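Here is what each chain is made of, one letter per residue.
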Amino acid sequence: MSYTRLVWRNLFRHPLRTLFTTLSIALSIFLVCAVLTLPAAMERIIARVGSSVRISVHHEAGLTYWLPFSYVHKVRAIPGVAAVNHFSWFGGIYDEPKNQFPNFGLDPDHVLAVWPDYKIDPRELARFKRIRNACLVGGATMRKFGWQVGQEITLRGTIFPVNLTLLIVGTIPEGAGNPLVLWFNREYLEEAMESQGGLRGVGMIWVRADAPEHVEGIMHEVNELFRNSEAQVTAETEKSFFMGFFGSFRTFMRLIMAVGVLVVGAVVLIAANTSAMGIRERIPEIAILKSLGFGRRPILLALLAESGTVALVGGLVGAGTAWGLFSALSRAGKTGYSQLLGPLGQFQMSSTVFAEGVSVALVVGLIAGFVPAWNGARLGVVEALRRLF
Amino acid sequence: MLDGSGVAATAGAYLARPGRCHLQGNAGRGTAVGVPMIEVREVSRLYHRGVDLVHALERVSLGIPAGRFVALMGPSGSGKSTLLNLLAGLDRPDSGEVVVAGTRLSRLSEDELAAWRARHVGLVFQFFNLLPVLSAVENVELPLLLTKLPRADRRRRAETALSVVGLAARIHHRPAQLSGGEQQRVAIARAIVTDPDLIVADEPTGDLDAKSAVEVLTLLRELNRAFEKTVVMVTHDPRAERFVDTVIRLDKGVLANGGAPAGQSA
């Protein structure tokens, strides 16, 4: 017989109650770990899609404003620029208005130079350059609509008063940029728009620097070049561009974090209630312990050890489950399941988050147990015995 | 069925063990039989019951020599349990002084009083009050957690105490698996396991059938005799008078016979 055994036996006094309390803590700690893992996963997604040498140039007022096409040539002339391409947002929909996805007109001749890291199949790229109405499509969109290479599709224009019939000549490989995107030859759009007044501008310009150390200088040069012009621009790295793009998502993440904190608060209250209930039921036993000579300190510590143990086990189960699940997802994300998992494959729980989850659980247990344990421990012997008889 | 010879035999065997260091009797600690073990001096205790002030005890004085088996008797509300709580160091008087084995209890802090109880007092309650999650031997071992004894010694002493009360064969049973009389014997084993100077029992037979009540009274008497323990027992049970050395009667918070312990019996 020892204090440890006493605590252990008391934990299994009501096995179901202990189990459910432990599971509620485990579940909340799982959520806490998931929430704490979100920002790192987001960073990883941005790091994956964002190159360190690619620069986005867009209108200072926002992405919906167009830039003069002449800017493409001016940017191409800046020292340190290895290649330039441009995006023209077509905004086409497939079949029904609900089928919206990003589709851009660009220059097929400069795809490889600007996005060499995308590792597009050279034969598909060659067809893309050769065929006027060819397009390359991201894997997610191919799967979503059940498209096949060689299929002809028609995109209905929503910004431009034309429809484009495109031939799918290849796919943009998984893990390279946005898996939803569709690229087609901008000149095909220009031709379609000839009878409608033509197409003069570009939505944004993509620049690839010849070396990472030239990126800052190029961005500065671009910004200076078009200062006080008809369309002032903002040049930023691809990473920064995507981070800005995900700005609203960050607010959403903050909201999720706040929900995580509320979950922890709710669990504290649940655990405190369970702890208080358990201690209230055991006031007669506390009276006996006190009459036997147990002081406040050992009683307080024994009661705290109970709530702390439940919380610690719950924390380990919750954080351990999160660790196991995210590790499995991360491993699967590096294999053929990456298409299926999407961003989930980027969730990777760090040991710090694991430790934080377990610490939160322990603190929850101690806070939840302290007040009832303190009240129980400082109960007068005679008062407690009166409740007993 | 317990009888005195069983306890005496077990006790005798235990006392004969070399290196024993407990259950040795008060006399072994230098408190001779006949010397006042408990002194109650002008003790009063008041309770608030709603707006009323109730005198549970009013200027009670008495002395109980070491090694005596004393019954506190009287009608409900006469102050028996209040007096017992004061003797056991569970409660404090509003005035007067309680001295047990030379210790003035009013001078001890709460924690000191708890430590003193652990060392000097064994408690037996009407409803046994065993921890249901622990086995008999673990319940008996509980007070020894407050000592510095190694785990193996604690277990050995608890098993010995259970042998003394005739429950050697049921040490691993949980309270729910024991009869009322057996549970009370476990409670008595728990009370004696620390080898206290004083055993206080509050209505120890109050929740037992006649046969078990006699067994428990017999056991308490034998512990008193074999180990020279001072036993103070609150009881309503008239059978108890046959077993005790002295009966102290209280009525409305005062000694019924005007102060001195009365009713020598057994």
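Look a little higher up for the structure.
Worth saying up front: this structure is predicted, and the values here are computed from it rather than measured.

Cut-off values and rules
- Residues numbered from 1 in each chain as written.
- Chains lettered and ligands numbered in written order.
- Predicted model: local features only at pLDDT ≥ 70, side-chain atom pairs only at ≥ 80, totals over all residues.
- Heavy atoms only, no water.
- Buried < 20%, exposed > 50% of the residue type's maximum accessible area, 1.4 Å probe, protein only.
- Helix = DSSP H or I, 4+ residues; strand = E, 2+ residues; numbered from the N terminus.
- Pairing = 2+ DSSP bridges.
- Contact = heavy atoms within 4.5 Å.
- Salt bridge = Lys/Arg side-chain N within 4 Å of Asp/Glu carboxyl O.
- Polar contact = N/O pair within 3.5 Å; in protein donor to acceptor, adjacent residues only side chain to side chain.
- Nonpolar A, V, L, I, M, F, W, Y, C, P; charged D, E, K, R; others polar.
- Axes fitted to C-alpha atoms, helices over the stretch in contact; angles between N-to-C directions.
- Core = buried A, V, L, I, M, F, W, Y, C linked by side-chain atoms within 4.5 Å.
- Phe/Tyr/Trp six-rings, centres within 6.5 Å; stacked < 30°, edge-to-face > 60°.

S.K.: Please explain the pairing of strand S11 (residues 204-209) of chain A as it appears in this structure.
M.R.: On a regular strand, one side chain projects to one face of the sheet and the next to the other, so that they alternate. All names here are of chain A. With five of six residues buried, S11 is to be regarded as a mostly interior element. Of the strand pairs in this sheet, strand S1 (residues 54-59) and S11 are connected by five bridges, and their pairing is antiparallel. Along S11, the bridge assignment pairs serine 56 with tryptophan 206. Relative to S11, strand S3 (residues 81-89) runs antiparallel, the two being bridged by six bridges. Across the sheet, the residue bridging to histidine 86 is isoleucine 205, located in S11.

S.K.: How do you make sense of the interface of chain A and chain B when you look at a structure like this?
M.R.: Interface size, as often reported, equals the accessible area lost upon joining of the parts. At the interface, 24 residues of chain A touch 30 residues of chain B. There are three salt bridges connecting chain A and chain B. In this structure, the salt-bridge partner of glutamate 138 of chain B is arginine 5 of chain A, at a minimum N-O distance of 2.9 Å. Linking chain A with chain B are five residue pairs in polar contact (both at pLDDT 80 or more). Among the elements of the structure, helix H1 (3-11), helix H11 (283-292) and helix H15 (381-388) of chain A are those that each provide at least two residues to the side of chain A that touches chain B. For the side of chain A that touches chain B, the element with the highest residue contribution is H11 of chain A, accounting for six residues. When grouped by side-chain class, the residues that make up the side of chain A that touches chain B number twelve nonpolar, five polar and seven charged.

S.K.: Sorry, what's going on with helix H2 (residues 80-87) of chain B here?
M.R.: Residue pairs spaced three or four apart in an α-helix point in one direction, given the helix's 3.6 residues per turn. All names here are of chain B. Within H2, seven of the eight residues are buried, which leaves it mostly tucked inside the rest of the structure. Of all the positions in H2, only Lys80, Thr82, Leu83, Leu84, Asn85, Leu86 and Leu87 are classed as buried. Within two residues after H2, glycine 89 carries a phi angle of roughly 75 degrees, on the positive side.

S.K.: Explain the sheet that holds strand S4 (residues 93-94) of chain A here, please?
M.R.: Hydrogen bonds between backbone groups are what pair the strands of a sheet, and the pairing can be parallel or antiparallel. All names here are of chain A. In space, the ten strands of this open sheet follow the order S4-S7-S8-S6-S9-S5-S3-S11-S1-S12, with mixed pairing throughout. Because the sheet does not close on itself, it has two edges, and the strands there are S4 and strand S12 (233-237). Running over the sheet, helix H5 (residues 122-130) touches strand S5 (103-106), strand S6 (134-138), strand S8 (163-172) and strand S9 (182-185) and is turned about 135 degrees from S6. Packed onto the sheet, helix H7 (residues 186-193) meets S3, S5, S8 and S9 and runs at close to 65 degrees relative to S9.

S.K.: Where do I start with the nonpolar core in this structure?
M.R.: Here is a general trend for soluble globular proteins: nonpolar side chains tend to be buried in one another's company. Core analysis: the largest hydrophobic core is formed by 54 residues, its most contacted members being Ile38, Leu142 and Val232 of chain B. For isoleucine 38 of chain B, the residues in contact, after removing those within four places along its chain, are Leu62, Gly63, Ile64, Leu87, Val99, Val100, Leu198 and Val232 of chain B.

S.K.: Sorry if this is basic, but what is going on with the environment of lysine 290 of chain A here?
M.R.: Secondary-structure assignment places lysine 290 of chain A in helix H11. You can call lysine 290 of chain A buried: its relative accessible area is 7%. Separated by 87 residues in sequence, lysine 290 of chain A and alanine 377 of chain A place their C-alpha atoms 8.6 Å apart. Once residues within four sequence positions are removed from consideration, lysine 290 of chain A is found in contact with Arg296, Ile299, Ala377, Arg378, Leu379 and Val381 of chain A together with Arg117 of chain B.

S.K.: Looking at this model, I keep getting lost on the packing of aromatic side chains. Mind explaining?
M.R.: A ring pair, where both rings are aromatic, is described by two values, the distance of the centres and the angle of the planes. Residue and element names in this part refer to chain A. Applying the stated criterion across every chain yields a total of 23 aromatic pairs over all chains. Plain terms: the ring middles of phenylalanine 87 and tryptophan 206 are 5.9 Å apart, the flat faces sit at 75 degrees to each other, and that makes the pair edge-to-face. Of the two residues, phenylalanine 87 is situated in strand S3 and tryptophan 206 in strand S11; the sequence distance between them amounts to 119 residues. Among the residues examined, tryptophan 206 registers a relative accessible area of 3% and is labelled buried. Arranged with centres 6.2 Å apart and planes meeting at 35 degrees, the rings of tryptophan 115 and tyrosine 118 form a pair that is tilted. Judged on exposure class, the residue tryptophan 115 and its partner tyrosine 118 are both buried. These aromatic residues form a ring-pair network of at least three members: Phe87, Trp89, Phe104, Trp115, Tyr118, Trp183 and Trp206.

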